Amino acid sequence: MGKGWRYNSLEAVLKTTKQSSNNLEKSLEIDNILYHAEKLREKSFYPESLRLFKKALKGYTKICDRDGIFHCTLSLGDTYRMVGNFDLASKSYANTIELAKKIKDSIKAADAKVGLGLSLRAEGKWKEAIKLIRKSRKTYQRKGDKQGIAFTLWAEAGALRIKGNIIGAIKMFKKSYKIFKSLKDIQGAGYCLCGLGGTSRIAGRFRDSLKYYTSAHRLFSDIKDIFGTAYSYCGIGNAHRMRKDYKSALANFAKAIRLYKRIGDRVSYSYTLWSLGTTYKMIGNLNKARDNFIKAMLLFKKTKDPRGMIYCRLGLGEIALLKGKKAVARRHFLASLHGSMKNSFAIEGCHATTILSFMNGKIDNTCYNRPGLKLRFQGLPFNIP
């Protein structure tokens, strides 16, 4: 989720660190840095908050404040993940897990394992992600931690979406949403609605997708969650795109991009560029479409996201085919199929297989039946959800 998910109040965090510090004056100084880091992260100013979390971590390390160190390493993991630096995020989470083991705190270890799972999920490693997320959920269930259970349901639903189990993902997002709503966790509920919006779109339920994203947008706007607002703008844009309202789609993507640039998010921004490219492809502006696919592809390379790369190659393949460059198109589609098979991405593999069948002279949509989707490919350009 946008800003880390398990929040004690900042006052409670500061109280905890003060109690464990030997040097009260020095501790108060570091607590103040941590406070400002958290405030910046709450406002989705990720690069600025990273700088302060690092500074606070150095301070807590010097005075051997384990609670402060734990809080900073976990927050660094969450924030690195938000800006797309998954290597550093994973390293921070791994350090946090080791620290939690030393102090024998199973809940803290579970929190860090979920974060690590989310980093792996973003890199397409959904199998490893699911294992970590489920381990954490078992811990939360033993401890009666409802917020932890809800969060792991949300996290696993996202991993199932990447796997291609769309119907399973929808069910799990709904379970998570129900718990977050009972806890009056607005942010958690908002992210579940976004998850439902995305999975409904892939399932071919475009009206539901627009409904879910619009509801999420209202929640995020009310609590002034900048990342959530940007995320919902992008989702609303994609729902409009699937309903062939390309003007509304472009307007919402523009709003999302402005916010993503402001907060320094490369991950969601990359997918918005892909969405923008797909919209331009659908309205026949192939040069703009190609430019956006290439921009997105470069960012996906940096964030090591194989799934994003596959979508860009599908788009570039379509553009090549529309321009009559069949050999180039086939190369892109085969690369997409290979990447999908390598990472066990069912939906993306289905897109590649179907378009290749079209190139071979006969459209075969049967692979969409297996995951229970209402999608059908009828020719170019393909409005990929």
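Thresholds, definitions, all that
Residues numbered from 1 in each chain as written. Predicted model: local features only at pLDDT ≥ 70, side-chain atom pairs only at ≥ 80, totals over all residues. Heavy atoms only, no water. Helix = DSSP H or I, 4+ residues; strand = E, 2+ residues; numbered from the N terminus. Rg over C-alpha atoms; globule rule 2.2 N^0.38 Å. Buried < 20%, exposed > 50% of the residue type's maximum accessible area, 1.4 Å probe, protein only. Contact = heavy atoms within 4.5 Å. Axes fitted to C-alpha atoms, helices over the stretch in contact; angles between N-to-C directions. Parallel < 35°, antiparallel > 145°, perpendicular 65-115°, else oblique. Left-handed = near helix turned anticlockwise from the far one by under 90°. Nonpolar A, V, L, I, M, F, W, Y, C, P; charged D, E, K, R; others polar. pLDDT = per-residue confidence, 0-100. Salt bridge = Lys/Arg side-chain N within 4 Å of Asp/Glu carboxyl O. Core = buried A, V, L, I, M, F, W, Y, C linked by side-chain atoms within 4.5 Å. Patch = residues over 30% accessible without salt bridge, like charges linked within 9 Å, V, L, I, M, F, W, Y side chains within 5 Å. Areas by Shrake-Rupley, 256 points an atom, 1.4 Å probe, with all protein chains shown as cover. Lys, Arg positive; Asp, Glu negative; His and termini not counted. Charge placed at Lys NZ, Arg CZ, Asp CG, Glu CD. Phe/Tyr/Trp six-rings, centres within 6.5 Å; stacked < 30°, edge-to-face > 60°. Lys NZ or Arg CZ within 6 Å of the ring centre and 35° of its normal. Disulfide = S-S within 2.5 Å. Expected span 1.5 Å × (residues − 1).

1. Quick notes on the overall build of the protein
- Looking only at helices and strands, the protein has 18 helices and zero strands in total.
- Taken over the C-alpha trace, the protein has a radius of gyration of 21 Å; the compact-globule value for 385 residues is 21 Å, and the two agree within 12%.
- Projecting the C-alpha coordinates of the protein onto the three principal axes gives extents of approximately 75 × 40 × 35 Å.
- Across the 385 residues in the protein, those meeting the buried criterion constitute 60%.
- Sequence-distant contacts in the protein: of pairs separated by 6 or more residues, those separated by 24 or more amount to 59%.

2. Looking at the packing of helix 14 (residues 267-282) against helix 15 (residues 286-303)
- Across the interface, helix 14 lies against helix 15 with an axial gap of 8 Å and an inter-helix angle of 160°. With respect to helix 15, the element helix 14 is oriented roughly antiparallel. As for the relative orientation of helix 14 and helix 15, their crossing is left-handed in sense. Here Tyr269, Ser270, Tyr271, Leu273, Trp274, Leu276, Gly277, Thr278, Tyr280 and Lys281 of helix 14 come into contact with helix 15, specifically with Leu286, Lys288, Ala289, Asn292, Phe293, Lys295, Ala296, Leu299 and Phe300.
- Here the residues of the contact of helix 14 with helix 15 sort into 12 nonpolar, four polar and three charged.

3. Some words on the confidence of the model for the protein
- With 94% of its residues at a pLDDT of 70 or more, the protein has an overall mean of 93.
- When the criterion is pLDDT under 50, residues 7-21 qualifies, and its contacts beyond four places in sequence or with other chains add up to 27 contacts.

4. Considerations on the pattern of salt bridges
- Evaluated as defined, the whole model comprises 12 salt bridges.
- The partner of Arg81 in a salt bridge is Asp78, with the nearest N and O atoms 3.6 Å apart. Taken as a pair, Arg81 and Asp78 lie in helix 4 (residues 66-82) at a separation of three residues, close to a single helical turn. Of the two residues, Arg81 and Asp78, both sit in the buried class.
- A salt bridge links Glu123 to Lys125, with the nearest nitrogen and oxygen atoms 4.0 Å apart.
- By relative accessible area, which is 37% here, Lys125 ends up partly exposed.

5. Comments concerning the nonpolar core
- Residues Tyr60, Trp154, Tyr260, Leu314, Phe333 and Leu373 are the most contacted members of the largest nonpolar core, which totals 121 residues.
- Per-element accounting of this core gives the leading share, 10 residues, to helix 8 (residues 146-163).

6. Side note on a positive patch on the surface
- Residues Lys127, Lys131, Lys135, Lys138, Arg142, Lys143 and Lys163 make up a contiguous surface patch of positive charge.
- Per-element tally for the positive patch: the top contributor is helix 7 (residues 126-143), with six residues.
- Considering the arrangement of structural elements, one finds Arg142 in helix 7.

7. Examining the side chain of Thr152
- Here Thr152 is to be found in helix 8.
- Sequence-distant contacts of Thr152, defined by excluding residues within four places in its chain, comprise Val114, Ile133, Ser136, Arg137 and Tyr140.

8. Looking at the packing of aromatic side chains
- In total, this model carries 11 aromatic pairs according to the counting rule given.
- Centroid distance Trp274 to Tyr311: 5.1 Å. Interplanar angle 55°. Geometry classified as tilted. Of this pair, Trp274 sits in helix 14 while Tyr311 sits in helix 16 (residues 306-322), placing them 37 residues apart in sequence.
- By the ring-pair criterion, three or more aromatic residues cluster together here, those being Phe151, Trp154, Tyr191, Phe220, Phe227, Tyr231 and Tyr260.
- The ring of Trp154 is capped by Arg121, whose NZ or CZ atom sits 5.2 Å from the centre of that ring.
- The ring centre of Tyr212 lies 4.9 Å from the NZ or CZ of Lys211, which sits over that ring.

9. Some points on the state of the cysteines
- Within the structure shown, the criterion is met by one disulfide.
- A disulfide bridge connects Cys350 with Cys367, and the sulfur atoms are separated by 1.9 Å. Between Cys350 and Cys367 the sulfur-sulfur dihedral comes to about 100°; the bridge is accordingly right-handed. Of this pair, Cys350 sits in helix 18 (residues 346-359) while Cys367 sits in the segment after helix 18, placing them 17 residues apart in sequence. Judged on exposure class, the residue Cys350 and its partner Cys367 are both buried.
- Free of any disulfide, Cys192 has its nearest cysteine sulfur in Cys194, 9.5 Å distant.

10. Digging into helix 18
- Between its first and last C-alpha atoms helix 18 spans 20 Å; for 14 residues at 1.5 Å apiece the expected length is 20 Å, and the two agree.
- Summarising burial for helix 18: 11 of the 14 residues are buried, a large majority.
- On its buried face, helix 18 is in contact with helix 8, helix 9 (166-182), helix 10 (186-202), helix 16 and helix 17 (326-343).
- With its phi angle positive at about 105°, Gly361 sits one or two positions after the end of helix 18.

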